[in-house]
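Chain residues, written in single-letter form:
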Amino acid sequence: MPIRVHDTLSRTVKALAPREPALPYRMYCCGPTVYGPAHIGNFRTFLIQDVLRRCLEIDGLEVRHVRNITDVDDKTIRQSQAEGVSLKSFTDKWTGKFHADCGALNLLPPHVEPSAVEHIPLQVAMIEKLVANGNAYATSDGSVYFKVCSCHDYGKLSHLDRDALRTQEVNSAGTANDADEYERESVTDFALWKSHKPADGENHWPSPWGEGRPGWHIECSAMSTRYLGNTFDLHGGGIDLCFPHHENEIAQSECSTGEKDFAAHWFHSMHLMVDGAKMSKSLGNLYTLDDLKGKGATPMAVRYALISGHYRSQLNFTLKSLDDAAGALGKIEKATEKLLEKCGLTKTDFTPPAVQEQNTAWGEFQAAWDTLCDDLNVPGALGKIFGALHTVTATDRTIEQARADLSGLGKILYALGLLLFTAKADDSATDVPADVAELGLRRWEAKQARNFAEADKLRAELESKGWKSLDRKDGYTLAKV
Ligand code: AMP
Ligand code: ZN
């Protein structure tokens, strides 16, 4: 049964399949803005994207997953300046922290993780194309704007009435620009290139329109096209990105390449709320992974709690939900131990299934898998898992049945990315220093790109810092030597 997921563009639940059967399933997800630790709302979105990727892979698709790093925008520039450090050392630090958190939460590393700042010439080239095509114009101060009225189907994703649009956010800070400040022809036009302002300090790059920096939206159009092609299969992000970010990405990409259907499927997850309110630093309800670890939660309990609501509903996170998650994981572990014992196996034998044998013989866990395939219904699947655990731990199960049960359980837990018996291992994983996490990721990427000389060099560097990488087929864990 193919995986079916809601598509914001068509407003229907659609089966996922590569639009080019000879190519991998190509998915692009908007990544973090690295100006501080990611919060659990960000992770809600990254986690459901991870579950989606796992399900596609289990279903037999080869997936190419690209997730960018936003390391140049108003927030990163302002904050690095406030701390008196270069943009690069500031964003490297927070990128490293992001990777360490992703590792602890058992997120599969994307196949490509492009940095916006390292792709500025590519963004400039796309803007030049838009200017040449008559979709963008430069102003006398050396900024460039996208001309929204030149894009006849602008608004198709968010189903907005273009004429009703009054203002356009041009940065990820969530503030609308003051139209008077800019020489925009229309208040709906958004910045592709921002001319250098004294407040940007040393952070400016050359362009045909003078020194400046890219607007926020263009990075995802340029990098998704570079790594996935003019059109690809799925684009994901939190619902807040639907307008204007994704709408603007569509306009930029389709107008520069001339292709329709930039992304065939738009996958948006609803926001995470905390104690019934929007998360914000001022309300004191903004949590990072470290905050929750400080309250005694394991990263796996955090993962469980963040995926346990349906992605198309707002999730109300409470600290109690972490206790519930830990309790649920404990029950799964107990049942698994019983099964292992019956089969004469130990906890270390309970490893992720090989990819090629994943979508076969679900046994008692078939209903859980089918539920997960139906619009990634994680809460429904968890319910089915608990129903099945009841059956599989009954005393009259044969050893053959127990073996099949164990295999089905291993597969469904892999789909959800839930690791068992890892409370201790998780602790050590989250204590990975940022520079070690960074080295670990670079080594993994080099290995994936079959650049073995570089991978060996990075392994030696890791070892000199007292760390090693434990590689699996689907990812790696960093551990102390
Ligand atoms: P940012 O680091 O702000 O660029 O956001 C990274 C990702 O997290 C984007 O896909 C956002 O849509 C998503 N996101 C931000 N806040 C939340 C939230 N409260 N709940 C779920 N996703 C969020
Ligand atoms: Zn984006």
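Residues numbered from 1 in each chain as written. Chains lettered and ligands numbered in written order. Predicted model: local features only at pLDDT ≥ 70, side-chain atom pairs only at ≥ 80, totals over all residues. Heavy atoms only, no water.

### So, helix α15 (residues 452-464)
Look at α15: 18 Å from first C-alpha to last across 13 residues, which is about the 18 Å you get at 1.5 Å a residue. Among the residues of α15, A455, L458 and L462 are the ones counted as buried. The arc that holds every buried residue of α15, seen down its axis, measures 65 degrees, which confines them to one face. Of the residues in α15, the exposed ones pointing more than 90 degrees away from the buried face are A453, D456 and S464. Its buried side turned inward, α15 meets α14 (434-448), β14 (467-471) and β15 (476-480). Note on α15: the residue one or two positions beyond its end, G466, has a positive phi of about 90 degrees. (Helix = DSSP H or I, 4+ residues; strand = E, 2+ residues; numbered from the N terminus. Expected span 1.5 Å × (residues − 1). Buried < 20%, exposed > 50% of the residue type's maximum accessible area, 1.4 Å probe, protein only. Arc of directions from axis to C-beta. Contact = heavy atoms within 4.5 Å.)

### With respect to the site of ligand 1
The full set close to ligand 1 counts 16 residues, and T33, G41, T45, D240 and L272 are the nearest of them. Within the side chain of T33, a nitrogen or oxygen atom sits 2.8 Å from an oxygen atom of ligand 1. Note that an oxygen atom of ligand 1 is positioned 3.0 Å from one of the backbone N or O atoms of G238. Look at ligand 1: alone it shows 490 Å² of surface, and the protein chains cover 89% of it. Those elements that provide at least two residues to the shell around ligand 1 are α1 (40-58) and β9 (232-238). At four residues, the largest contribution of residues to the shell around ligand 1 is made by α1. Residues belonging to the shell around ligand 1 are distributed by class as follows: six nonpolar, nine polar and one charged. (Near = heavy atom within 4 Å. Polar contact = N/O pair within 3.5 Å; in protein donor to acceptor, adjacent residues only side chain to side chain. Areas by Shrake-Rupley, 256 points an atom, 1.4 Å probe, with all protein chains shown as cover. Nonpolar A, V, L, I, M, F, W, Y, C, P; charged D, E, K, R; others polar.)

### Thoughts on the confidence of the model for the protein
With 91% of its residues at a pLDDT of 70 or more, the protein has an overall mean of 90. Predicted confidence for residues 169-181 stays below pLDDT 50, and this span has 27 contacts to residues more than four positions away or in other chains. Low pLDDT (under 50) marks residues 425-429, which in the prediction has four contacts with non-local residues, meaning those over four places away or in another chain. (pLDDT = per-residue confidence, 0-100.)

### Observations regarding the sheet that holds strand β11 (residues 272-274)
Two pairing modes exist for strands in a sheet, parallel and antiparallel, and in both the strands are linked by backbone hydrogen bonds. Overall, mixed pairing links the three strands, which are arranged β12-β11-β13 in an open sheet. Only two strands of the sheet have a single partner each, and these edge strands are β12 (277-278) and β13 (315-317). Examined bridge by bridge, β11 and β13 share three bridges and lie parallel to one another. Residue M273 lies in a different strand from β13, and its bridge partner there is N316. Together, β11 and β13 form the strand contacts of α1, whose direction differs from that of β11 by roughly 150 degrees. (Pairing = 2+ DSSP bridges. Axes fitted to C-alpha atoms, helices over the stretch in contact; angles between N-to-C directions.)

### Side note on the coordination of the zinc ion (ligand 2)
Summarising the metal site, the zinc ion (ligand 2) is bound by the protein donors C30 (SG), C220 (SG) and H245 (NE2), whose distances to it range over 2.0 to 2.2 Å. Along the chain, the residues donating to the zinc ion (ligand 2) fall in the pattern C-x189-C-x24-H. One end of the pair, C220, is in helix α5 (residues 218-228); the other, H245, is in helix α6 (residues 242-257), and 25 residues separate them in sequence. Both residues of the pair, C220 and H245, count as buried. (Donors = N, O, S within 2.8 Å, 3.2 Å for Na, K, Ca; no water.)

### Some details on the pairing of strand β3 (residues 25-29)
Most of β3 is tucked away: five of the five residues are buried. With burial as the criterion, each face of β3 is covered, one bearing Y25, M27 and C29 and the other bearing R26 and Y28. Bridge count for β3 against strand β4 (residues 63-67) is five bridges, and the pairing is parallel. For C29, the partnering residue across the bridge sits in β4 and is R67. In terms of handedness, the path from β3 via α1 over to β4 forms a crossover that is right-handed. Examined bridge by bridge, β3 and β9 share three bridges and lie parallel to one another. Counted as the bridge partner of M27 is L234 from β9. (Right-handed = clockwise from strand over helix to strand, strands pointing away.)

### Thoughts on the packing of helix α9 (residues 319-342) against helix α11 (residues 378-392)
Where α9 meets α11, the closest approach of the two axes is 10 Å, and the angle between their N-to-C directions is 30 degrees. Viewed along their axes, α9 and α11 adopt a mutual orientation that is roughly parallel. Seen along the crossing, α9 lies across α11 with a hand that is left-handed. Touching A328, K331, I332, A335 and L339 of α9 are F386, L389 and V392, all from α11. Among the residues making up the contact of α9 with α11, the classes are represented as seven nonpolar, no polar and one charged. (Parallel < 35°, antiparallel > 145°, perpendicular 65-115°, else oblique. Left-handed = near helix turned anticlockwise from the far one by under 90°.)

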